[in-house]
Amino acid sequence: PDEFQDFEFIITGGRPGHSIHDLPCKISHCAEPVVLHVEADFKGPLLSIDVPSLSLGLIKLGEAVLCKFEITNLSQLPGRWKMQESPASLAERNEEVSPFTIDPPSGELGPLGSCAVSVLFRANICQSLRTVLEMEVENGKGSHIPVLAEVQTPRVCLLSSHLHFDELFLGIPAKATVKLFNQMLLPSHYEWGELLGSQSSSCLVTISPERGCLAPNEEREFCVELTANTKDELSDLALCCRIRDMLEPLFLSISGQVKGLHITYAIPSDGKESDQEHQSEASPELLLDFGSEVPLKSVVQRQLIIMNHSAVDAPFTIEVDYFSSGPPPPEEQRSDIVDIVLEKTRRITRQIAKRKQSAFRTALLSQGKGLAFHVHPSAGTLKAFQELTVEITAYNDMWGEYQDDLLCKVGDLEPKSIPMKIAVKGCPIFLQVTGPNHPLQTPIVRFGAHISGGDTVSRHIRLNNPTPFDIRMDWESYNQDKDDDKLVDLLVFYGAPFPVKDMDGNEIESSREQTPTDQTSYSPSSATLPSYREDLNLNPILEDDEDTSSDETEQLLTSQKIISVVIRPHEGVPSDYPFCITPKQIVIPAGGAASIHISFTPLMLPEIINKFECEGFALGFMSLDSKVVREIPGKVTRADGHNVVPLRIDLQAFVKPALLTVEMDHERGLEFHAVASSLIPDNRLKGVSASWDLPLLNKPKTAARKQ
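Along each chain, residue indices are assigned from 1 in the same order as the chain's sequence is written. Note on the predicted model: pLDDT of at least 70 is required for a residue's local features to be given, and 80 or more for side-chain atom pairs to be given and counted; whole-chain, interface and lining totals, by contrast, use all residues. The basis for every side-chain value is the complete set of non-hydrogen atoms in the structure, without hydrogens or water.

1. Focus: the overall build of the chain
Moving on, step 1. Comment: elements are numbered from the N terminus, with helices defined as DSSP H or I runs of at least four residues and strands as E runs of at least two. When its secondary structure is counted, the chain shows five helices and 47 strands.
Moving on, step 2. For the exposure calls, accessible area comes from a 1.4 Å probe over protein chains only, and a residue counts as buried if that area is under 20% of its type's maximum, exposed if over 50%, partly exposed in between. Looking at the chain as a whole, 36% of its 707 residues are labelled buried.
Moving on, step 3. A separation threshold of at least 6 residues defines the contact pool for the chain, and within that pool the share at least 24 residues apart is 73%.
Moving on, step 4. A total accessible area of about 42300 Å² is found for the chain, and carbon and sulfur atoms account for 51% of it. The contact criterion used is simple: two residues touch if any of their non-hydrogen atoms lie within 4.5 Å. Surface accessibility follows the Shrake-Rupley procedure with a 1.4 Å probe radius. Residue values consider only the protein chains on display as shielding.

And the structure:
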């Protein structure tokens, strides 16, 4: 009695939740048991992870990181667990497959047990990863682990991708610096490679340090040493730098002007030397333009300035590609004795100088191309830092639009080609009676005064062709009327405006094309004459040979313009009366002459007109029948027909009525006196006669016939 007893009460739950029990205790000699009321809340397995989070740190793209942790069962119950990446995080990154591999991904822990779990992360893309690994516990409370990772790839850049050497000399090393910068937190290994580019074989490059490792965000300076063994401008050089784990290497472009022989060219503006106005190599176009309206036989000069920007003497030669001049005559250089003699007489000096200039011009144009460019000086030595002025003079004896190239070669540099162009206008044909240097631009043929209805008067005109090519001329005569109010002439041609004709005026159906060996004179009656004309809007229409296919013929003919239209100022009315030219078509051979006849037939004047002036003119349209003469592709094109200025000859004549008057010394008229003694029988058979000597006066001053 009065004692107590301690009991140990143990309750074990089978499932999580709230449990209520009444535990009866039977006591001897006691009618009713003692009841112990028990209430308990049972919990499931309690699993714990030994790390609060996983920080994978900085990871290089493509690498894998393995980390481990432990899961501990803090409860007396066995616990089943399962671990995976949060689906919400996957959805947020738009990924379906998790980059995490968990081993083991699930398991069962006994009461108070533990196990090791490894997590493998593969860095497949560059990103700043923020995700969660979730662990689910069966009949228990789950947990999660935050995971942090920074995935990067090496990224190194050149602070300047272009390295220019300002002071670069042939064969002497030049130094410059370049910098690499590591843009990422990863250490980056670099290695400089070999020199690349078309000029790499003539250059040597060393860089230090050649290889190494860049710390995170490090900026490192490198020394580049370049040795150039070429005089060309360095523009195609690159130095390769490979960064480990970078897909594309870095390229450092290298340029520089090797200071050896450095030559520039310039053209003075308006042919004058001016430092402010130069057409240099930096200009869009370096062009020697001699003009677009250069008169025939005139001399035009332009200048080219060659500047040596180096301390190197170099030989130079200047040549003309196609229209080069012939050798000058040997008498170009005169002795001192001749100079002293010529100074005594100015007139003789001018004549000899003119003769010498003519011979010099003829010698330069002796190649027979219609144009010659004379270069002075054409060869020599260009001194150090010298500025040389070269004179280019254009001589011509044939119209056309010319193009050529001036080839300048200095030292061992590449030749410099400078385009040249000139357009020569004018008519080369001149009359023998006037000469080539007549002061009047248009020659005049005057027929004088003639009586009305008189006989036809003809003038023999000799035409000279000083050009190296045959020129065919088609003549047309026109009458001028002062009261004519017409302004323009509209001419429409079907086919060739000036076809080749025979002596009867019929067009000859034959090919106009000639080879270069066919450039000889011919008569209009020749059977080998060309048969087509090229107008300013008409391309040549060729007649195919027998071997030419019909397809080529159709293609050629369809590309031609058959109808051409010419609009020109109206100056006269075409007519062969009273002025007429024969023959209508004539060929003047190269360097030769031919003749035409211009006739005048006096008009029959009415009695009320005392004097009438006949004014007219003749036009000689020039044609070139050789294709080689008309065009050399890329060098010269020559128009003909209506597209060039024809030769014009003004015609003038006067018509007066015939009027003869008798002059007498008195006003009594004609009185005849006979002496009676004249009737003596001895002279009776002879008869009696009386006479007057009367002078006849032709007041119109024209030739008149009397009866």
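2. Description of the sheet that holds strand E3 (residues 47-49)
Moving on, step 1. Paired strands, in this sense, are two strands between which DSSP finds at least two bridges. Strand order across the open sheet formed by four strands is E3-E5-E9-E7, with antiparallel pairing between neighbours. Every interior strand has two partners, whereas the edge strands, E3 and strand E7 (100-103), have only one. Averaged over all pairs of adjacent strands, the angle between strand axes in this sheet comes to 25 degrees, irrespective of strand direction.
Moving on, step 2. Summarising the sheet, strand E5 (residues 64-73) and strand E9 (residues 114-122) pair through nine bridges and their orientation is antiparallel. Note on E9: the bridge partner recorded for Ile 71 is Cys 115. Comment: axis = line fitted to C-alpha atoms, over the contacting stretch for helices; angle = value between 0 and 180 degrees taken between N-to-C directions.

3. Considering the layout of surface pockets
Moving on, step 1. Residues are called lining when one of their atoms sits within 4 Å of a cavity or pocket point, these points coming from a 1 Å grid over the protein atoms alone, where a cavity is a set in which a 1.4 Å probe fits but cannot get out and a pocket is an open set with protein on both sides within 12 Å along at least five of seven lines. Grid points are joined across faces, edges and corners, and a volume is the space filled by probe spheres set on the points. Approximately 970 Å³ is the volume found for the largest pocket.
Moving on, step 2. Cys 427, Gln 441, Val 645, Pro 646 and Leu 647 are, among the 37 residues lining the largest pocket, the residues nearest its centre.
Moving on, step 3. Of all the elements in the fold, those that place two or more residues in the lining of the largest pocket are strand E32 (430-431), strand E37 (563-569), strand E42 (612-623) and strand E45 (647-656).
Moving on, step 4. Among the elements that take part in the lining of the largest pocket, E37 stands out by supplying four residues, more than any other.
Moving on, step 5. Taken together, the residues of the lining of the largest pocket sort by class into 22 nonpolar, nine polar and six charged.
Moving on, step 6. When its volume is computed, the second largest pocket comes out at roughly 550 Å³.
Moving on, step 7. Around the second largest pocket, the lining comprises 17 residues; the ones closest to its centre are Lys 297, Ser 358, Arg 361, Thr 362 and Asn 437.
Moving on, step 8. Considering each element in turn, the lining of the second largest pocket owes the most residues, six residues, to helix H3 (residues 346-364).
Moving on, step 9. Ten residue types, Ala, Val, Leu, Ile, Met, Phe, Trp, Tyr, Cys and Pro, are classed as nonpolar, four, Asp, Glu, Lys and Arg, as charged, and the remainder, Gly among them, as polar. By residue class, the composition of the lining of the second largest pocket is eight nonpolar, five polar and four charged.

4. Structural notes on empty space enclosed by the protein
Moving on, step 1. Evaluated as defined, the whole model comprises two cavities of 30 Å³ or more.
Moving on, step 2. In this structure, the second largest cavity occupies an estimated 30 Å³ of space.
Moving on, step 3. In terms of lining residues, the second largest cavity is bounded by Ser 324, Leu 364, Leu 365, Ser 366, Gln 367, Gly 368, Lys 369, Gly 370, Leu 371 and Ala 372.
Moving on, step 4. Residue classes in the lining of the second largest cavity are distributed as four nonpolar, five polar and one charged.

5. Quick notes on the packing of aromatic side chains
Moving on, step 1. Aromatic pairing here means that ring centres of Phe, Tyr or Trp (its six-membered ring) are within 6.5 Å. Orientation follows from the plane angle: under 30 degrees is stacked, over 60 is edge-to-face, and everything else is tilted. Going through the model one piece at a time under the given rule, you end up with twelve aromatic pairs.
Moving on, step 2. Taking 5.0 Å as the distance between ring centres and 40 degrees as the angle between the ring planes, the aromatic pair formed by Phe 100 and Phe 121 counts as tilted. Residue Phe 100 is found in strand E7, and its partner Phe 121 is found in strand E9; the two are separated by 21 residues along the sequence.
Moving on, step 3. Overall, Phe 100 belongs to the buried group, its relative accessible area being 9%.
Moving on, step 4. For Phe 121, a relative accessible area of 1% translates into the label buried.
Moving on, step 5. A ring is scored as having a charge over it whenever the NZ atom of a lysine or the CZ atom of an arginine sits within 6 Å of its centre and within 35 degrees of its normal. Positioned above the aromatic ring of Phe 617, the side-chain terminus of Arg 648 is 4.1 Å from the ring centre.

6. What about the side chain of Arg 630?
Moving on, step 1. Along the chain, Arg 630 falls in helix H5 (residues 627-630).
Moving on, step 2. What qualifies as a polar contact is a pair of N or O atoms within 3.5 Å, subject to a donor-acceptor requirement within protein and to the restriction that residues adjacent in sequence count only when both atoms come from side chains. In terms of polar contacts, Arg 630 uses its side chain to reach the backbone carbonyl oxygen of Leu 624, at 3.1 Å.

7. Some words on the side chain of Gln 152
Moving on, step 1. Along the polypeptide, Gln 152 turns up in strand E11 (residues 143-152).
Moving on, step 2. Polar side-chain contacts of Gln 152 include one of 3.2 Å to the backbone nitrogen of Leu 185.
Moving on, step 3. Residues within four places of Gln 152 in sequence aside, it is in contact with Leu 58, Ile 59, Lys 60, Leu 61, Cys 126, Met 184, Leu 185 and Leu 186.

8. So, the confidence of the model for the chain
Moving on, step 1. Looking at the chain, pLDDT values average 82 and 83% of them are 70 or higher.
Moving on, step 2. Here residues 272-277 is modelled with pLDDT under 50, and outside its nearest four sequence neighbours on either side it reaches seven contacts, counting other chains as well. Per-residue confidence from the predictor is reported as pLDDT, a score between 0 and 100.

9. Digging into unusual backbone geometry
Moving on, step 1. Put simply, Ser 208 and Pro 209 share a cis peptide bond, and its omega is -5 degrees.
Moving on, step 2. By the element assignment, Pro 209 lies in the loop between strand E16 (203-208) and strand E17 (211-214).
Moving on, step 3. A cis amide bond links Tyr 577 to the next residue, Pro 578, at an omega of 10 degrees.
Moving on, step 4. Here Leu 112, not a glycine, exhibits a phi torsion of approximately 60 degrees, which is positive.
Moving on, step 5. With a phi angle near 70 degrees, Asp 245 is a residue other than glycine that sits in the positive phi range.
Moving on, step 6. When you line up the elements, Asp 245 lands in the loop between strand E19 (234-243) and strand E20 (250-259).

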